[in-house]
Amino acid sequence: MAFTCRFHRRARIACLPNAFHVMPAKRLKVATFNVNGIRSRLPHLLAWLEKEKPDIACLQELKSVDAGFPIDEIHAAGYGAVWKGQSAWNGVAVLARGVDPVESRRVLPGDAADEQSRYLEVVVHGLVVACLYLPNGNPQPGPKFDYKLEWFDRFITHAASLYASGHPVVLAGDFNVVPTDFDIYDPKSWRKDALLQPESRARYETLLRQGWTDSLRFRHPDERIYTFWDYFRQHWPRNAGLRIDHLLLNDVLAPRLHAAGVDTWVRDLPKASDHAPTWISLDQAPVKAGKATKTVKAVKAAPASRKR
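Residues numbered from 1 in each chain as written. Predicted model: local features only at pLDDT ≥ 70, side-chain atom pairs only at ≥ 80, totals over all residues. Heavy atoms only, no water.

Chemist: Sorry if this is basic, but what is going on with the sheet that holds strand β2 (residues 56-60) here?
Modeler: Backbone hydrogen bonds hold the strands of a sheet together, and the pairing may be parallel or antiparallel. With mixed pairing, the six strands of this open sheet are ordered in space as β3-β4-β2-β1-β12-β11. Here the strands that pair on one side only, and so sit at the sheet edges, are β3 (79-84) and β11 (257-262). Going from strand to strand, the sheet's axes swing by 15 degrees on average, the running direction of each strand aside. Judged from the five bridges that link them, strand β1 (residues 28-34) and strand β12 (residues 278-282) form a sheet pairing that is antiparallel. Bridging from a neighbouring strand, valine 30 pairs with isoleucine 280 of β12. The strands touched by helix α3 (residues 42-52) are β1, β2, β3 and β4 (92-97); relative to β1, the strand with the most contacts, the crossing angle is about 165 degrees. (Pairing = 2+ DSSP bridges. Helix = DSSP H or I, 4+ residues; strand = E, 2+ residues; numbered from the N terminus. Axes fitted to C-alpha atoms, helices over the stretch in contact; angles between N-to-C directions. Contact = heavy atoms within 4.5 Å.)

Given below as structure tokens:
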């Protein structure tokens, strides 16, 4: 498999036109998957990539340092990747079928002291893709919940600039927010959890009010559909789940939304992650030469915080 670019800044700029290339005559599948340990669940990830063939896959909770990322196996599966690891927890990555994503940002703006690996922004297959692992916030109240809300506020600010950029943008990841009671099997036993707190939900609503389309809910307005089932009290066999993994589209991209769903079969594998991959399919849109040139120039100006 030949990939279009490598991971240092010079190649990053050189391969931008490929990153904005839109594959013709097919739909684009974009997915998000909290793998809950990329090394321990690598066989699950590879099996999912082989069966479902997402064009773009955003991963969270790698729980691996950068050097431990299984790039050889990812390449062998036909995917390029950009990743940001962290020992024992956190970590995000974006995989792309047939190409290397072009990194445009690997730090959420607004707090230079924040060293947690939770955000990665790339350009690939004609899209700007923000992969995020929003803080859990438990236990609350306390410093972890305060950090969750502060991180969310910074993300809302940055998301507004992405929304208004004029590019097709998707925000994909584990948001650690159950938007409404309809998004959880039974809210009673979770009322004190950070995922359901009014402050968490209010920030998610603030984000949506910028104009983002919640893809899964838009396509399944009346269905109880879940993306996460924890390991306790037989939640998976009972389908006692929560919807906390989201793919949000700006107004440029939302008209191309064709379908959305959850690959629940992955959650049923032995020793599976407590999340299942969540995906959308997008109708392709032709890229006009003038518009593509303008987009490339905009992304070239984006700061690169680290060489690869």
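What follows picks up the thread again.
Chemist: Just to check I follow, could you spell out the environment of arginine 238 for this structure?
Modeler: Among the secondary structure elements, arginine 238 is positioned in the loop between α7 (215-219) and β10 (245-249). Residue classification places arginine 238 among the partly exposed residues on the basis of a relative accessible area of 49%. Separated by 53 residues in sequence, arginine 238 and tyrosine 185 have C-alpha atoms that sit 9.7 Å apart. (Buried < 20%, exposed > 50% of the residue type's maximum accessible area, 1.4 Å probe, protein only.)

Chemist: Before we go on, may I ask you to explain the pattern of salt bridges in this structure?
Modeler: It is possible for side chains of opposite charge to pair when their charged atoms get near one another. Applying the stated criterion to the full structure yields 18 salt bridges. Measuring nitrogen to oxygen at the nearest pair gives 2.6 Å for the salt bridge that ties aspartate 283 to arginine 27. Here the residue aspartate 283 occupies a position in the loop between β12 and α8 (289-300), and arginine 27 occupies one in the loop between α2 (16-19) and β1, the gap between them amounting to 256 residues. The class for aspartate 283 is partly exposed, based on a relative accessible area of 26%. A network of salt bridges, in which partner residues are shared, links Asp183, Asp214, Arg217 and Arg243. (Salt bridge = Lys/Arg side-chain N within 4 Å of Asp/Glu carboxyl O.)

Chemist: Explain the packing of helix α5 (residues 143-163) against helix α6 (residues 198-209) to me, please; I cannot follow it from the model alone.
Modeler: Between two packed helices, both the angle of their axes relative to each other and the distance between the axes serve to describe the pair. Their axes nearest at 10 Å, the elements α5 and α6 cross at an angle of 5 degrees. As far as their axial angle goes, α6 and α5 are roughly parallel. Across from Phe145, Lys148, Leu149, Phe152, Asp153, Phe155, Ile156 and Ala159 in α5, the residues of α6 making contact are Glu199, Ser200, Arg203, Tyr204, Thr206 and Leu207. Class assignment for the residues of the contact of α5 with α6 results in eight nonpolar, two polar and four charged. (Parallel < 35°, antiparallel > 145°, perpendicular 65-115°, else oblique. Nonpolar A, V, L, I, M, F, W, Y, C, P; charged D, E, K, R; others polar.)

Chemist: Sorry if this is basic, but what is going on with α3 here?
Modeler: Those residues of α3 that fall on the buried side of the exposure criterion are Leu42, His44, Leu45, Trp48, Leu49 and Glu52. Down the axis of α3, the sector holding all buried residues measures 160 degrees, keeping them to one side. Residues Pro43, Glu50 and Lys51 are exposed on α3 and point more than 90 degrees away from its buried face. Buried positions along α3 lie against β1, β2, α4 (71-76), β3 and β4. At the exit of α3 stands lysine 53, carrying a positive phi of roughly 50 degrees. (Arc of directions from axis to C-beta.)

Chemist: Help me understand unusual backbone geometry, please; the structure alone is not making it clear to me.
Modeler: Leave glycine aside and you will find that most residues have negative phi; peptide bonds, for their part, are mostly trans. Of note, the bond from asparagine 138 into proline 139 is cis; its omega dihedral lies within 30 degrees of zero at -5 degrees. Here glutamine 140 and proline 141 are connected by a cis peptide whose omega angle stands at -5 degrees. On the secondary structure map, proline 141 appears in the loop between β7 (127-133) and α5. Positioned with a positive phi, lysine 53 is a non-glycine residue whose angle comes to about 50 degrees.

Chemist: Hey, could you run me through the nonpolar core in this one?
Modeler: Buried together is how nonpolar side chains tend to be arranged in soluble globular proteins. Among the nonpolar cores identified, the biggest contains 31 residues, and Val30, Ile56, Leu127, Val129, Val170, Ile280 and Leu282 are the most heavily contacted of them. Contacts of valine 129, omitting those with residues within four sequence positions, involve Ile56, Cys58, Leu120, Glu121, Val122, Val124 and Val170. Counting residues in each nonpolar core, the second largest holds 24 residues, with Phe152, Ala159, Val169 and Phe175 among its members. (Core = buried A, V, L, I, M, F, W, Y, C linked by side-chain atoms within 4.5 Å.)

Chemist: Please explain the packing of aromatic side chains as it appears in this structure.
Modeler: Aromatic rings in a pair are described by how distant their centres are and how their planes are angled relative to each other. Scanning all chains against the criterion turns up eight aromatic pairs. Taken together, a centroid distance of 5.8 Å and an interplanar angle of 25 degrees make the contact between tryptophan 151 and phenylalanine 155 stacked. Pair noted here: tryptophan 151 and phenylalanine 155 are both in helix α5, with a separation of four residues, about one helical turn. Neither tryptophan 151 nor phenylalanine 155 differs from the other in exposure class; each is buried. Ring plane angle 75 degrees and centroid distance 5.1 Å describe the contact between tyrosine 163 and tryptophan 212, whose orientation is recorded as edge-to-face. You can see tyrosine 163 sitting in helix α5 and its partner tryptophan 212 sitting in the loop between α6 and β9 (213-214), a full 49 residues away along the chain. (Phe/Tyr/Trp six-rings, centres within 6.5 Å; stacked < 30°, edge-to-face > 60°.)

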